[in-house]
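Working through the structure, step by step
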Amino acid sequence: MSEEKVTYRVDALREAARIIAGDRDEKYGGPEENFERISKIWSTILGIHITQEDVAMLMIGLKVARYANKAGFQPDTWVDIAGYAGCGYEVGRIQSEKSTPTA
């Protein structure tokens, strides 16, 4: 496998990490705080329980839907999906740790 291909993957993930670990926390709060706020609003609107992880998945779905509307390579969409995946992992792990009893 060429080093170039691996670099593209790693570059996309690094860019996503830079974005989600940067000024987004200052602007919107961390993923746990921001996704909790979003989940409460969406739960109220939809009349069903939406979790923080659901918020991440639904945002990924939004990015996929937008991607499907336009032809051609859309690098920002891939980076955004990676960012939402990272945030979803984080909020899911935090919630899992909170609900797992310690020995």
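Residues numbered from 1 in each chain as written. Predicted model: local features only at pLDDT ≥ 70, side-chain atom pairs only at ≥ 80, totals over all residues. Heavy atoms only, no water.

**A closer look at the packing of helix α4 (residues 52-68) against helix α5 (residues 75-99)**
Helices that pack against each other are described as a pair by the angle of their axes relative to one another and the distance between those axes. One can describe the packing of α4 onto α5 by two numbers: an axis separation of 8 Å at closest approach and a directional angle of 170°. What the angle tells us is that α4 and α5 run roughly antiparallel. Residues Gln52, Glu53, Ala56, Met59, Ile60, Lys63, Val64 and Tyr67 of α4 touch α5, and the partners they reach there are Thr77, Trp78, Asp80, Ile81, Tyr84, Ala85, Gly88, Val91, Gly92 and Gln95. Residue classes in the contact of α4 with α5 are distributed as 10 nonpolar, 5 polar and 3 charged. (Axes fitted to C-alpha atoms, helices over the stretch in contact; angles between N-to-C directions. Helix = DSSP H or I, 4+ residues; strand = E, 2+ residues; numbered from the N terminus. Parallel < 35°, antiparallel > 145°, perpendicular 65-115°, else oblique. Contact = heavy atoms within 4.5 Å. Nonpolar A, V, L, I, M, F, W, Y, C, P; charged D, E, K, R; others polar.)

**Things to note about the nonpolar core**
In terms of nonpolar packing, the biggest core is built from 7 residues, these being Phe35, Ile50, Val55, Ala56, Met59, Cys87 and Val91. Breaking this core down by element, the ones donating at least two residues are α4 and α5. Looking at which element gives the most residues to this core, the answer is α4, with 3 residues. Beyond its immediate chain neighbours, meaning those up to four positions away, valine 55 contacts Phe35, Ile38, Ser39, Trp42 and Ile50. (Core = buried A, V, L, I, M, F, W, Y, C linked by side-chain atoms within 4.5 Å. Buried < 20%, exposed > 50% of the residue type's maximum accessible area, 1.4 Å probe, protein only.)

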